[in-house]
Amino acid sequence: MKVKIETDEYTIYERRDGRFAVQDVNGKPINGAQKIEILLANELIVAVLPKVEAEPEAEAEAEAEAEPEVEAEPEAEAEAEAEAEPESEAGGEDEQSGDDK
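Treat the numbers as computed from the prediction; the structure is a model and nothing was measured.

## Notes on unusual backbone geometry
Although it is not a glycine, Glu43 adopts a positive phi angle of roughly 55 degrees. As for its placement among the helices and strands, Glu43 is situated in the loop between helix H1 (33-41) and helix H2 (54-100). Judged by relative accessible area, Glu43 falls into the exposed class, the value being 71%.

Put into structure tokens, the structure is as follows:
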């Protein structure tokens, strides 16, 4: 590993495969978010933010426009379910008496 940057707080090494290793003054490795912050501060890596954050806003707007249409459908479904319930209850009673035999 080649020493890339050496400071009073840490040392950044470049590995043969092009990745970086960061060690503190005591020689302990620094990993995770702290390592990323150090590498970004020294402009050794470029962080790309995911575009997922922009899409939910667009989806939320599309859903807000579609809501009036969606509200009418649950009422129709509730009516259809109400009509279907008496039939299923009657069928359920026959099945229960069949189990008792």
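There's plenty left to go through after this.
## Here we look at the side chain of Thr11
Tracing the backbone shows Thr11 in strand S2 (residues 10-14). Looking at Thr11, the relative accessible area reads 11%, which means it is buried. Filtering out sequence-adjacent residues up to four positions away, Thr11 remains in contact with Val3, Ile5, Glu6, Ala21, Val22 and Gln23.

## Remarks on the sheet that holds S2
Reading across from one edge, S1-S2-S3 is the order of the 3 strands in this open sheet, with antiparallel pairing throughout. Each having just a single partner strand, strand S1 (2-6) and strand S3 (20-24) make up the two edges of the open sheet. On average, each strand axis in the sheet is inclined to that of its neighbour by 30 degrees, with strand direction left out of account. Alignment of S2 against S3, held across 5 bridges, turns out to be antiparallel. For Ile12, the partnering residue across the bridge sits in S3 and is Val22.

## Describing H1
Restricting attention to buried positions, one finds in H1 the residues Lys35, Ile38 and Leu39. Seen along its axis, H1 keeps its buried residues to an arc of 95 degrees; they face one direction. In H1, the exposed residues that point more than 90 degrees away from the buried face are Ala33, Glu37 and Ala41. Buried residues along H1 sit in contact with S2 and S3. Of the residues one or two after H1, Glu43 is the one with positive phi, at around 55 degrees.

## So, the side chain of Lys35
Position of Lys35 relative to the elements: it lies in helix H1. Despite its burial, Lys35 pairs with no opposite charge, the nearest such side chain being Asp17 at 9.2 Å. When near neighbours in sequence (up to four residues on either side) are disregarded, Lys35 contacts Phe20, Ala21, Val22 and Ile30.

## Remarks on the pairing of S1
Alignment of S1 against S2, held across 4 bridges, turns out to be antiparallel. Counterpart to Val3 in the pairing with S2 is Tyr13. Linkage of S1 to S2, two consecutive antiparallel strands, is achieved through a turn of 3 residues.

What counts as what
Here the residue numbers are simple positions, counted from 1 along each chain's written sequence. Reporting of local features is limited, given that this is a predicted model, to residues whose pLDDT is at least 70; pairs of side-chain atoms are given and counted only at 80 or more, and all residues count toward the totals for whole chains, interfaces and linings. In computing side-chain properties, one takes all heavy atoms of the structure into account and sets aside hydrogens as well as water. Strands here are runs of E lasting at least two residues and helices are runs of H or I lasting at least four, both read from the DSSP assignment and numbered beginning at the N terminus. For every residue, the accessible area obtained with a 1.4 Å probe (protein chains only) is divided by the maximum for its type, and the residue is called buried under 20%, exposed over 50%, and partly exposed between those limits. When checking whether two residues touch, look at their non-hydrogen atoms; a contact exists if any pair is within 4.5 Å. Any two strands between which DSSP finds at least two bridges are classified as paired. Every angle, taken between N-to-C directions, lies between 0 and 180 degrees, and every axis is a line fitted to C-alpha atoms, over only the stretch in contact when it is a helix. Each C-beta atom gives one direction from the helix axis, and the arc is the one those directions make. Residues scored as charged are limited to Lys and Arg (positive) and Asp and Glu (negative), so that His and the chain ends carry no count. When a carboxyl oxygen of Asp or Glu is within 4 Å of a side-chain nitrogen of Lys or Arg, the pair counts as a salt bridge.

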